[in-house]
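Each chain, letter by letter, is given below.
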Amino acid sequence: SLILLTQGLLQEKITFTSRDGRVWENRREVTGPPHDSDVHGSIIQAKDGYYYVSYSEFLFPAPPITNSIVSGYVHIVRSKDLTVWEKPIRVSTDAGLNYESYLLAGEDGSIYLFYHAYASLEDKSIVILESRDGKNWESAQKIDLLGQTISDINAIEMNAQPVVLYRVGEQLYYIFRSQN
């Protein structure tokens, strides 16, 4: 079946399911994320049977250490049935604005998380985290964007490796790990 993650009128996260992509039903609220969080997240069903949702929580004003008016942290929350959700896990640790997250379920059971880390105008990157159990997340890679502002992070798996796709202006880029 298909799963849609969207944002309601009160900023709440909502999932719908569909068997054919035409009729959407089973409206359920994702509990755990604060309602003022960013909808730029994603939802997957992993091989372990859990549904995972990624999202960014924004803090206004930002803590003084960030030297910004807003900061954001990426969180993961999971559920077996889209109804009862476990306590969210904050997975980003960098100060600054961490947002536009995307999840990918690997064929080998790994779960990958990609997000945009914006520490300053000069310090922008894509962070890739990996988890085997959905609870413990390890840094797999940090890709320096050389000050470019990106949008629309997505990922696919190719030859058992994650491939990150992102956009800078009107151009599409991709990054993958080479096999040595």
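Residues numbered from 1 in each chain as written. Predicted model: local features only at pLDDT ≥ 70, side-chain atom pairs only at ≥ 80, totals over all residues. Heavy atoms only, no water.

Peer 1: What exactly am I supposed to notice about the overall build of the protein here?
Peer 2: Across its full length, the protein carries 0 helices and 14 strands. Ordering the α and β elements of the protein from the N terminus gives β-β-β-β-β-β-β-β-β-β-β-β-β-β. Relative to its full complement of 180 residues, the protein shows a buried share of 43%. When the accessible surface of the protein is summed, it comes to about 10100 Å², and 51% of that surface belongs to carbon and sulfur atoms. (Helix = DSSP H or I, 4+ residues; strand = E, 2+ residues; numbered from the N terminus. Buried < 20%, exposed > 50% of the residue type's maximum accessible area, 1.4 Å probe, protein only. Areas by Shrake-Rupley, 256 points an atom, 1.4 Å probe, with all protein chains shown as cover.)

Peer 1: In this structure, what is going on with the environment of Thr 149? I would like to understand it.
Peer 2: Among the structural elements, Thr 149 can be located in the loop between strand 11 (138-144) and strand 12 (151-158). Note on Thr 149: relative accessible area 45%, which makes it partly exposed. The contact partners of Thr 149, leaving out residues within four places of it in the chain, are Tyr 118, Lys 124, Arg 167 and Val 168. (Contact = heavy atoms within 4.5 Å.)

Peer 1: What's the story with the pairing of strand 2 (residues 13-18) in this structure? I'm lost.
Peer 2: The side chains of a regular strand alternate, first on one face of the sheet and then on the other. Counting buried residues along strand 2, 5 of its 6 residues qualify, which places the element largely inside the surrounding structure. Strand direction decides the pairing type here: strand 1 (residues 2-7) and strand 2, joined by 6 bridges, are antiparallel. Counterpart to Thr 6 in the pairing with strand 2 is Ile 14. One ladder, built from 3 bridges, connects strand 2 with strand 3 (residues 25-29); its direction is antiparallel. Looking across to strand 3, one finds that Thr 17 is bridged to Glu 25. Hairpin geometry of strand 2 and strand 3 is characterised by an intervening segment of 6 residues between the two adjacent antiparallel strands and by a positive phi of about 80 degrees at Gly 21. (Pairing = 2+ DSSP bridges.)

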